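Residue-level structure breakdown
Listed below, chain by chain, are the residues.
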Amino acid sequence: MKLKMIFMSVAFLLVANIASAFTIRYYNKDSKSYTMEVRSNGSTQKIEFSSSTTSSASVQTSAGEVEIKTSCGWVKVKDSSKIVIKDGCITIE
């Protein structure tokens, strides 16, 4: 019984980590959509920001901070941050 409880706890923690998402609220002032590289926990992913819109984008990671590669260099962004994209560069509000 105790072994079963330990197994269930470990399984729950694994599922919780897999299901976690990092959310970025953004306003893209440009009339161009961007696909940018995101680096977190040693891995990279792609994230898309739609043109001329305010929206949210998600990255599957358990990290509290990610780095996004822009035309102006790498920018560190924390979970639930609000960013503005202008001329392919990111500023954090």
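Everything that follows concerns the structure shown earlier in this document.
Notes on the structure in this doc start here.

Thresholds applied
- Residues numbered from 1 in each chain as written.
- Predicted model: local features only at pLDDT ≥ 70, side-chain atom pairs only at ≥ 80, totals over all residues.
- Heavy atoms only, no water.
- Pairing = 2+ DSSP bridges.
- Helix = DSSP H or I, 4+ residues; strand = E, 2+ residues; numbered from the N terminus.
- Axes fitted to C-alpha atoms, helices over the stretch in contact; angles between N-to-C directions.
- Salt bridge = Lys/Arg side-chain N within 4 Å of Asp/Glu carboxyl O.
- Buried < 20%, exposed > 50% of the residue type's maximum accessible area, 1.4 Å probe, protein only.
- Disulfide = S-S within 2.5 Å.
- Contact = heavy atoms within 4.5 Å.
- Polar contact = N/O pair within 3.5 Å; in protein donor to acceptor, adjacent residues only side chain to side chain.

Quick notes on the sheet that holds strand β6 (residues 73–78)
Taking strand neighbours across the sheet as the criterion, the 4 strands line up as β3-β2-β5-β6 in an open arrangement whose pairing is antiparallel. This sheet does not close on itself; its edge strands, each paired only once, are β3 (43–49) and β6. On average, each strand axis in the sheet is inclined to that of its neighbour by 35°, with strand direction left out of account. By the bridge criterion, 7 bridges tie strand β2 (residues 34–40) to β3 in an arrangement that is antiparallel. Its bridge partner lying in β3, Val38 is registered against Gln45.

Brief notes about the pattern of salt bridges
Oppositely charged side chains are able to pair whenever their charged atoms sit close together. Under the counting rule described, the total for this entry stands at 1 salt bridge. Arg39 is the salt-bridge partner of Glu67, the closest N and O atoms lying 3.1 Å from each other. Residue Glu67 is found in strand β5 (residues 65–70), and its partner Arg39 is found in strand β2; the two are separated by 28 residues along the sequence. Overall, Glu67 belongs to the partly exposed group, its relative accessible area being 22%.

Considerations on the sheet that holds strand β4 (residues 53–60)
Taken in spatial order, the 4 strands line up as β4-β1-β7-β8 in an open sheet, and their pairing is mixed. Sheet topology places β4 and β8 (89–92) at the edges, where each strand pairs with a single neighbour. Ignoring which end each strand starts from, the neighbouring axes of this sheet average 35° apart.

Regarding the state of the cysteines
Under the criterion given, the structure shown has 1 disulfide. Between the sulfur atoms of Cys72 and its disulfide mate Cys89 the distance is 1.5 Å. Of this pair, Cys72 sits in the loop between β5 and β6 while Cys89 sits in strand β8; the two residues are 17 residues apart in sequence, bridging distant segments of the chain. For Cys72, a relative accessible area of 55% puts it in the exposed group.

Observations concerning the environment of Tyr34
Relative to the helices and strands, Tyr34 resides in strand β2. The class for Tyr34 is buried, based on a relative accessible area of 14%. For Tyr34 and Lys46, which are 12 residues apart along the polypeptide, the C-alpha to C-alpha distance reads 10.0 Å. With residues near it in sequence (within four places) discarded, Tyr34 still touches Asn28, Ile47, Glu48, Phe49, Ile85, Asp87 and Gly88. Reaching out from Tyr34, the side chain makes a polar contact with the backbone nitrogen of Gly88 at a distance of 3.2 Å.

Any link to function would need more than the numbers given here.
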